[in-house]
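Observations on the three-dimensional arrangement
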Amino acid sequence: MAQLWGGRFTKETDKLVYNFNASISFDQKFYRQDIRGSIAHVTMLASSGILTDEERDQIIAGLKGILNDVENGSLQITSEYEDIHSFVEANLIDRIGDVGKKLHTGRSRNDQVALDMKLYVRDEIIELKELIYKLLTTLHGLMNEHIDTYMPGFTHLQKAQPITLAHHFGAYMEMFKRDYDRMNDIYDRMNYCPLGSGALAGTTYPLDRELTASLLDFYGPTLNSMDSVADRDYCIELLSAMSTIMMHLSRFSEEIIIWNSNEYQFVEIDDSYSTGSSIMPQKKNPDIAELVRGKTGRVYGALTSLLTTMKGIPLAYNKDMQEDKELTFDAIDTVKGCLALFTGMIATMTVNKPRMEASAKNGFTNATDAADYLVNHGVPFRDAHGIVGQLVLKCIEENISLDQLSLDEYKAICPVFEDDIYTAISMEECVQKRNTIGAPGHAAMQKVIDANDKFLAWAEQDLNKHTKE
């Protein structure tokens, strides 16, 4: 059992205790970050005169050799090591001898794991941003394509008023733009380097924490050594933001599932994103959308678990905090997978435009516009509301839509109606005259699409900035 401690112990750790305490099975995930942090640490130690340049070069060469061998598969990370830190240090000592024992000078596993976790989460935030960006560009393309595709808008799952598919997709565009911004917020708030905080009270070595932070592309060092090793706010914030992403994906998935049903037939999910039944040959199931909806609970669970873990922990570091890793790792992998699959699903699905427009017509979504017509001809709105309600009841009894009523039938209930009522309640007119910003009219939607063009251009530059780093 390779451990970084044991001098004051008279007995070997019980094997069951060792396995329960060990984290190598999951913290091996950030071996790259651990080695990167160690290289920065020894670079700073040499710059501060704590190590010689020769010792620094030996250690860095050894660390790079370990990284290369892990990457090419010639060196395996195994359970004989307690954690990723002991794996790296033990192998370093095996390779370069006693000088490898100087790697941990001025450092604790507490600030080391805090650094590794921050570096890992920071890298994953960038990948999440890239996936959100791909989803946004897909939505943006669909909005451009369907700016004049008419459909019913819903409240209470009841048809309400006519909108366009671009307008509906635009609602999710706004949600995922906020999700992208949340990733940046978390990145900026967490991007301070904890290395040099020691176990909890700093160190007596003359460390240059500003240099370490700079070498690792942080904005600067953290300002309290106790908080540095005990802080997992950034994991909680990320889990919260990812829960919000999953909530948005789940709502969207629910709508895709409904739209894809035989009753609606608004869309058809592509065969490549559907599955069949083992017994019913006619079935084509929206399993990807259903799984995205289902996996939302998994991410929520990780957030609740970590909040519960952290709520009773006194300062500074406690072993409970080891629980942050599996929860965060699993949630990140889940969200990344869901974002990628969902993007592919909506990019390949077929939209049934005639079905959507017919549904809007047959659902009395133009009833409000009929009432507005009367108001524009001097009828008080409350009276207009009642008149149109009578018209809708007549249509329901005759199983027709408002635009199928004759003018005589209109006039029988209210003589104010004239031939232009048919223009006023047409789907095109109902949508296109709604042109206040944020509404579904073509002119209003074009302004939003232009604004989204600018957002996506900015996001592309933002992602390129990370690439340069």
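**Quick notes on the overall build of the chain**
A tally of regular secondary structure across the chain gives 19 helices and 4 strands. Taken over C-alpha atoms, the radius of gyration comes to 30 Å for the chain, far larger than the 23 Å a tight globule of 469 residues would show. Going through the 469 residues of the chain one by one, you find that 50% of them count as buried. Within the chain, counting contacts between residues at least 6 apart in sequence, those at least 24 apart form 75% of the total. Carbon together with sulfur atoms contributes 51% to the accessible area of the chain, which is approximately 21900 Å² in total.

**Quick word on helix α14 (residues 367-376)**
Where α14 is concerned, the buried positions are A367, D369, A370, A371, Y373 and L374. If you follow the buried residues of α14, they end up packed against β2 (158-164), α15 (381-398), α17 (421-424) and α18 (427-432). Immediately beyond the C-terminal end of α14, within one or two residues, lies G378, with a positive phi of roughly 95°.

**Section: the layout of surface pockets**
In this structure, the largest pocket encloses a volume near 410 Å³. Residue lining of the largest pocket: 19 residues in total, with N260, S261, N262, E268 and K284 positioned closest to the centre. The set of elements that each furnish at least two residues to the lining of the largest pocket consists of β3 (267-268) and β4 (350-351). Within the lining of the largest pocket, the residues separate by chemical class into 6 nonpolar, 9 polar and 4 charged.

**Focus on the packing of helix α3 (residues 31-47) against helix α4 (residues 53-72)**
Orientation of α3 relative to α4, taken along the N-to-C sense of each, is 170°, at an axis distance of 9 Å. Compared by their axis directions, α3 and α4 come out roughly antiparallel. Each of Y31, R32, I35, S38, I39, V42, T43 and A46 in α3 lies in contact with α4, whose residues at this interface are D53, R56, I59, I60, L63, K64, I66, L67, V70 and E71. Across the contact of α3 with α4, the residue classes break down as 11 nonpolar, 2 polar and 5 charged.

**What about the nonpolar core?**
Counting residues in each nonpolar core, the largest one holds 102 residues, and the members touching the most others are F87, M242, L249 and W259. Not counting the four nearest positions on each side in its chain, L249 is found in contact with L135, F176, V292, C338, L339 and F342. Listed in part, the 22 residues of the second largest apolar core include F364, A370, L391 and F417.

**Some details on the packing of aromatic side chains**
All told, the structure shown has 17 aromatic pairs when counted by the stated rule. On the numbers, 6.3 Å between centres and 50° between planes, the contact of F154 with Y264 is tilted. Within this pair, whereas F154 is found in strand β1 (residues 150-155), its partner Y264 is found in the loop between α10 (233-259) and β3, the two being separated by 110 residues in sequence. For F154, a relative accessible area of 26% corresponds to the partly exposed category.

**As for the pattern of salt bridges**
Enumeration according to the criterion identifies 29 salt bridges in this entry. Between R109 and D83 there is a salt bridge, with the nearest N and O atoms lying 2.6 Å from each other. Of this pair, R109 sits in helix α6 (residues 109-145) while D83 sits in the loop between α4 and α5 (84-96), placing them 26 residues apart in sequence. Note on R109: relative accessible area 24%, which makes it partly exposed. Here the residues in one salt-bridge network are D53, R56 and D57, joined through shared partners.

**Quick word on the environment of Y205**
Tracing the chain through its elements places Y205 in the loop between α7 (165-190) and α8 (209-215). According to the relative accessible area criterion, Y205 is partly exposed, its value standing at 39%. Through-space distance from the C-alpha of Y205 to that of S48 is 9.1 Å; in sequence the pair is 157 residues apart.

**Some remarks on a nonpolar patch on the surface**
Taken together, L200, M226 and L315 make up a surface patch of nonpolar side chains, about 270 Å² in accessible area. Summarising the element assignment, L315 is placed in the loop between α11 (287-310) and α12 (324-348).

**A few points about α6**
Between its first and last C-alpha, α6 extends 54 Å over 37 residues, near the 54 Å set by a 1.5 Å rise per residue. Buried residues dominate α6, accounting for 28 of its 37 residues. By the N-cap criterion, in which a side-chain oxygen at the helix start approaches the backbone nitrogen of a residue two or three places on, α6 is capped by S108, the distance to N110 being 2.9 Å.

**Here we look at unusual backbone geometry**
With glycine set apart, most residues show a phi of negative sign, and most peptide bonds adopt trans. The linkage connecting L315 with the following residue, A316, adopts the cis geometry, with an omega of 5°. Mapped onto the fold, A316 is located in the loop between α11 and α12.

**Considering the side chain of S38**
Looking at where S38 falls in the secondary structure, it is placed in helix α3. The residues touching S38, leaving out its near neighbours within four places in the chain, are L63, L103, R107 and Q112.

About the cut-offs
- Residues numbered from 1 in each chain as written.
- Predicted model: local features only at pLDDT ≥ 70, side-chain atom pairs only at ≥ 80, totals over all residues.
- Heavy atoms only, no water.
- Helix = DSSP H or I, 4+ residues; strand = E, 2+ residues; numbered from the N terminus.
- Rg over C-alpha atoms; globule rule 2.2 N^0.38 Å.
- Buried < 20%, exposed > 50% of the residue type's maximum accessible area, 1.4 Å probe, protein only.
- Contact = heavy atoms within 4.5 Å.
- Areas by Shrake-Rupley, 256 points an atom, 1.4 Å probe, with all protein chains shown as cover.
- 1 Å grid on protein atoms, 1.4 Å probe; cavity = no way out; pocket = protein on both sides within 12 Å on 5 of 7 lines; lining within 4 Å.
- Points joined across faces, edges and corners; volume = space filled by probe spheres on them.
- Nonpolar A, V, L, I, M, F, W, Y, C, P; charged D, E, K, R; others polar.
- Axes fitted to C-alpha atoms, helices over the stretch in contact; angles between N-to-C directions.
- Parallel < 35°, antiparallel > 145°, perpendicular 65-115°, else oblique.
- Core = buried A, V, L, I, M, F, W, Y, C linked by side-chain atoms within 4.5 Å.
- Phe/Tyr/Trp six-rings, centres within 6.5 Å; stacked < 30°, edge-to-face > 60°.
- Salt bridge = Lys/Arg side-chain N within 4 Å of Asp/Glu carboxyl O.
- Patch = residues over 30% accessible without salt bridge, like charges linked within 9 Å, V, L, I, M, F, W, Y side chains within 5 Å.
- Expected span 1.5 Å × (residues − 1).
- Polar contact = N/O pair within 3.5 Å; in protein donor to acceptor, adjacent residues only side chain to side chain.

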